[in-house]
Every structure is written in C-alpha cells, then in structure tokens.
Amino acid sequence: MDARSRPSLRPVESIVVPHRQYGRVLLLRDTQGVTDAQAEVPPPLVPIVTRFTGRATCEQIAQEASGELGVDVPVEVVVRLAGELERCLFLEGPTLQAARARVEREFAEARVRAASHAGGAYHAERRALERYVDDCLAKANGAGAQAARGSPMIALVAPHIDPWRGAVGYGHAYSALAAALPADADTFVLFGTSHAPMREPFALCRKAFDTPFGAVEADEASVDALAAQADGFDPYADQFNHKREHSLEFQVIFLKHLLQRRPFRIVPVLAGLGAHQMTGEDPARDTRVARFLGGVRQLVESRPGRVVVVAGADLAHVGPRFGDDRPYDETQRSALERADRASLEHATLLDARGFWSHVAADLNERRVCGLAPIWSLLQALSSSCAQGRLLHYEQTVDDGDGSVVSHAAMGFYS
C-alpha cells in the first residue's frame, strides 16, 4: 500500500456504537465470516474511510479529507489506515481474495455448519441455554396457547434480534408454535435475512446446522428439489453467506429445544432480493423468484401437516446506531409503531403485494431488514391458508444511544 494505491472497502456491516474515548465510533464488521476482526473508526478518520471506494488514490483521499476536515491530513495517515484495514481483511485485493478462497473452501467442504454465534449471542453450554430458552418461553405467559385456538400452525414469523434482547419476542413466537405444532410436522423451511450482500435472489444450504443441543440435519432431497426450480440463477452462489448469518441460526436453536428428541429436518434459505428492494419493484414479477417460491409452495402443499415455514425477520432499525442523527423520541416511536403495524396488517391478511409495497415505500427510513423473508413466507403459503395473527410487537431500545430495533411474532394457521 502506497500513495498511489486506490483502497476499496469491501461490503461490510457498518454501525455507529458508543465509545468511551470518542463518544461514538463507526464499527465495521464482517457478516460473511471471512474474518472475526472488527474495526473501530473514530470520527476524525470517518471522512477518510468513506472515500475508500477504489476510485481515488491515497494521495487524492488525503487532499479531499483535508478539505472536508479543515486540517492537513498527511498521506502517510491514509496509507497506514488503508494498510491496517487491508491486513484485517476489510479491503478488496489479493490479501482478501486469498483469505476468502481458503475460508470458502473450508466451508464448502464441511458437512456441518458450525454454531457460529454460540457463546456470544446465546449460551454455548447446553444446560444454560436450556434454562434460558425455557425462560424465554415462560415470558409469553401462555399467550401462544390462546392464539392457537385449536388450529395447527403452518407458518411462523419470529425475530432474529439476538436472544438476549429478544427474549420476550422469541417467547411469544415459539410458545405459539409449541401450542399449535402439527403432530406430523417434520420439516421446517427457514427463510432468513441475509445481512451480507447477495448476488442472487435466494441462497440454499445443504449442511446440517450445529447447536449446543446437537446438530439438525438439512432435508437434502427438498433442498435439491428447490435447487431444480432455480431457473436463471445459481441457488448456491451465495451459500457462503450462511456461514455467519444469525437469522437462521437463532431459529434452529429454538426449534431444536422445542422438538427435543423428535426428529425433524430443515430447508435453510437466505432471502436477498436486494435489487428488488433498491427499486421497490414487486419481486413476484421476476420469473426466477416466482418459480423458486412456487417450488416452496409445492413442497408445503405436497406434504400437508408436515411442513412448517418459518421466517427469521426483524422490522425497523432506526436511531444513531443505524445512521440517524439522533434517537427517536416518544412521538417518533409511536409513529414507527403505527407504520410497522400497518405493514404487519398486510402480512396477517396474506397480502404479499401490499406488504412489499408498504415496506418498500419507506425502506430507507425504517430500514426493515425482514422484508425479503416475510414476503417470501407469504408467497410460499397456499391461498387456502387462514388469516394470520399478530402474536407480539415490540421495540427494543439500545440503552447506549437510544437506537430502536422493532420486531414481531406472527402465526399463520390452517
């Protein structure tokens, strides 16, 4: 790395977090699993890092940042910062390519997807996790049994926020599933948000998912059948995104605990639909998307009572952590709840088109990261499905900066 280099930051998650020395810093972290490293960028360096687009040299970046900051930024500072990010695998280039090739090869060859968030987002020790999940289920206070009303559940929307903060939401979702799980259910189609960019609309995975409770096998025959429906795109092109993705991992944890020794298999699907989210275009008009989800619907309908569809999906992400200038006040949070509930009303009515258009209309403001998996779940359900029910809605507020993540639990019954 020298003054003539053109550093290019690779696609990573960027959030603003509290910091003891600087007040707030920009945190960069990898959602794909190439590296476990994180980078904390203090405010004075943000104008430099945001210019790591591959278009400008380090020398040009130093000049531009100097103009923005009103102080001289030596080119050596830019070069050193770019070098550190390159070593941490946050920049495009040969170093990243070699590391990514190695990690992707190892993941491709592994039969089991490791429980990558165990010991971080939830307990890694089995008994401790059992107690915690039982406590989550208890927090619902029997609301799930009341919501079931004797009807078997065929689909569930659950949060994918970390279980520490989403305990109540997970409790409502999975206590409802426990109360209404079809007696013959043995297959769970899991739709999850991909927090890392995807090249294709969906990504399948044929691997077993490990958990502190034991591994859960993939239904390889069903995965293969869906792959055959992927006309016009490669359903395994983004399989590597499954390595670190938590939106599915957390659902498998709760399912494995819920079913105990009862045998079941999963069909893991990450929903991207990034191009459609950028334009707001209804994905149902995309023949590739329609054909693939038609395959999921065929799987559900061909094995009545045996297949349950689960979406791991959060709703809004607002506040300083996600790029807003200040925390939401009570008035803004009330308005956010009204918007969220209006979106969810479309979902409970199985109005997939209405749900998509309502969320897409203010996606840049609410940043609803569960749009693709919830919409995919709705598309996968038969039109004969009864109306869905909103089981729980919640806004989780970050104590550090007042940022808000909203999430919900919804059940769909036959």
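Residues numbered from 1 in each chain as written. Predicted model: local features only at pLDDT ≥ 70, side-chain atom pairs only at ≥ 80, totals over all residues. Heavy atoms only, no water.

Peer 1: Honestly, the overall build of the protein in this entry has me stumped. Any pointers?
Peer 2: Each helix and strand counted, the protein has 15 helices and 13 strands in total. For the protein, the C-alpha radius of gyration of 22 Å lies close to 22 Å, the compact-globule estimate for 414 residues. Relative to its full complement of 414 residues, the protein shows a buried share of 56%. A sequence separation of at least 24 residues applies to 76% of the contacts in the protein between residues at least 6 apart. Taken as a whole, the protein presents about 17800 Å² of accessible surface, with 47% of it coming from carbon and sulfur. (Helix = DSSP H or I, 4+ residues; strand = E, 2+ residues; numbered from the N terminus. Rg over C-alpha atoms; globule rule 2.2 N^0.38 Å. Buried < 20%, exposed > 50% of the residue type's maximum accessible area, 1.4 Å probe, protein only. Contact = heavy atoms within 4.5 Å. Areas by Shrake-Rupley, 256 points an atom, 1.4 Å probe, with all protein chains shown as cover.)

Peer 1: How should the layout of surface pockets be read in this particular structure?
Peer 2: A water-sized probe, rolled over the atoms, reveals where empty space remains. Taken as a whole, the largest pocket encloses approximately 1600 Å³ of empty space. Where the lining of the largest pocket is concerned, the elements lending two or more residues are strand 1 (13-19), helix 9 (246-259), helix 10 (274-279), strand 11 (314-318) and helix 14 (363-366). Here the lining of the largest pocket is composed, by residue class, of 19 nonpolar, 17 polar and 11 charged. Approximately 260 Å³ is the volume attributed to the second largest pocket. (1 Å grid on protein atoms, 1.4 Å probe; cavity = no way out; pocket = protein on both sides within 12 Å on 5 of 7 lines; lining within 4 Å. Points joined across faces, edges and corners; volume = space filled by probe spheres on them. Nonpolar A, V, L, I, M, F, W, Y, C, P; charged D, E, K, R; others polar.)

Peer 1: Sorry if this is basic, but what is going on with the side chain of glutamine 251 here?
Peer 2: Counting through the fold element by element, glutamine 251 comes out in helix 9. With relative accessibility at 0%, the residue glutamine 251 sits in the buried group. Beyond its immediate sequence surroundings of up to four residues, glutamine 251 is in contact with Ala158, Pro159, His160, Tyr170, Tyr174, Val310 and Gly312.

Peer 1: Sorry if this is basic, but what is going on with the pairing of strand 10 (residues 307-312) here?
Peer 2: The two faces of the sheet receive side chains in turn, since in a regular strand these alternate between them. Counting buried positions over the 6 residues of strand 10 gives 6, a clear majority of the element. Residues of strand 10 alternate between two faces, with Val307, Val309 and Ala311 on one and Val308, Val310 and Gly312 on the opposite face, all of them buried. Here strand 6 (residues 187-193) runs beside strand 10; their pairing, made up of 6 bridges, is parallel. Directly across from glycine 192, in strand 10, lies its bridge partner glycine 312. (Pairing = 2+ DSSP bridges.)

Peer 1: Can you walk me through the sheet that holds strand 2 (residues 23-29) in this structure?
Peer 2: In sheet architecture, strand pairing relies on hydrogen bonds along the backbone and comes in two forms, parallel and antiparallel. Across the sheet, which stays open at both edges, the 3 strands sit in the order 1-2-3 with antiparallel pairing between neighbours. Each edge of the open sheet is held by one strand with a lone partner, namely strand 1 and strand 3 (38-41). If you compare each strand with its neighbour and ignore which way they point, the axes differ by 30° on average. (Axes fitted to C-alpha atoms, helices over the stretch in contact; angles between N-to-C directions.)

Peer 1: Is there a simple way to explain the nonpolar core in this structure?
Peer 2: Buried together is how nonpolar side chains tend to be arranged in soluble globular proteins. Ranked by size, the top nonpolar core spans 53 residues in total, and within it Phe191, Phe202, Phe292, Ile374, Leu377 and Phe412 carry the most contacts. Sort the elements by how many residues they give to this core and helix 15 (residues 371-380) lands first, with 7 residues. Listed in part, the 46 residues of the second largest apolar core include Leu129, Val133, Leu391 and Ala409. (Core = buried A, V, L, I, M, F, W, Y, C linked by side-chain atoms within 4.5 Å.)

Peer 1: Looking at this model, I keep getting lost on unusual backbone geometry. Mind explaining?
Peer 2: A negative phi holds for most residues other than glycine; trans holds for most peptide bonds. The backbone phi angle of glutamine 260 is positive, close to 55°, even though this residue is not glycine. Note on placement: glutamine 260 falls in the loop between helix 9 and strand 9 (265-271). What makes glutamine 260 partly exposed here is its relative accessible area of 44%. Notably, leucine 350 is not glycine yet its phi reads approximately 60°, a positive angle. Locating leucine 350 in the fold gives a position in the loop between helix 12 (330-348) and helix 13 (352-361). Leucine 350 gets classed as partly exposed once you look at its relative accessible area, which sits at 23%.

Peer 1: Sorry, what's going on with the packing of aromatic side chains here?
Peer 2: Both the distance between ring centres and the angle between the ring planes are used here to describe each pair of aromatic rings. Within this structure, the stated rule accounts for 10 aromatic pairs. Aromatic side chains tyrosine 132 and tryptophan 164 sit 4.9 Å apart centroid to centroid with 75° between the ring planes, which places their arrangement in the edge-to-face category. Residue tyrosine 132 is found in helix 5 (residues 126-138), and its partner tryptophan 164 is found in the loop between strand 5 (153-158) and helix 7 (167-180); the two are separated by 32 residues along the sequence. By relative accessible area, tyrosine 132 is classed as buried at 15%. Using a relative accessible area of 37% as the deciding quantity, one classes tryptophan 164 as partly exposed. For the pair phenylalanine 202 and phenylalanine 233, a centre-to-centre distance of 6.5 Å together with 45° between the ring planes defines the contact as tilted. Residue phenylalanine 202 is located in strand 7 (residues 202-204), and its partner phenylalanine 233 is located in the loop between helix 8 (220-228) and helix 9; the two are separated by 31 residues in the primary sequence. (Phe/Tyr/Trp six-rings, centres within 6.5 Å; stacked < 30°, edge-to-face > 60°.)

Peer 1: Explanation requested: helix 7 in the structure shown.
Peer 2: Over its 14 residues, helix 7 runs 20 Å from end to end, which matches the ideal 20 Å to within 8%, given 1.5 Å per residue. Most of helix 7 sits inside the fold, with 11 of its 14 residues counted as buried. Looking only at helix 7, the buried set comprises Ala167, Gly169, Tyr170, Gly171, His172, Ala173, Tyr174, Ser175, Ala176, Leu177 and Ala180. (Expected span 1.5 Å × (residues − 1).)

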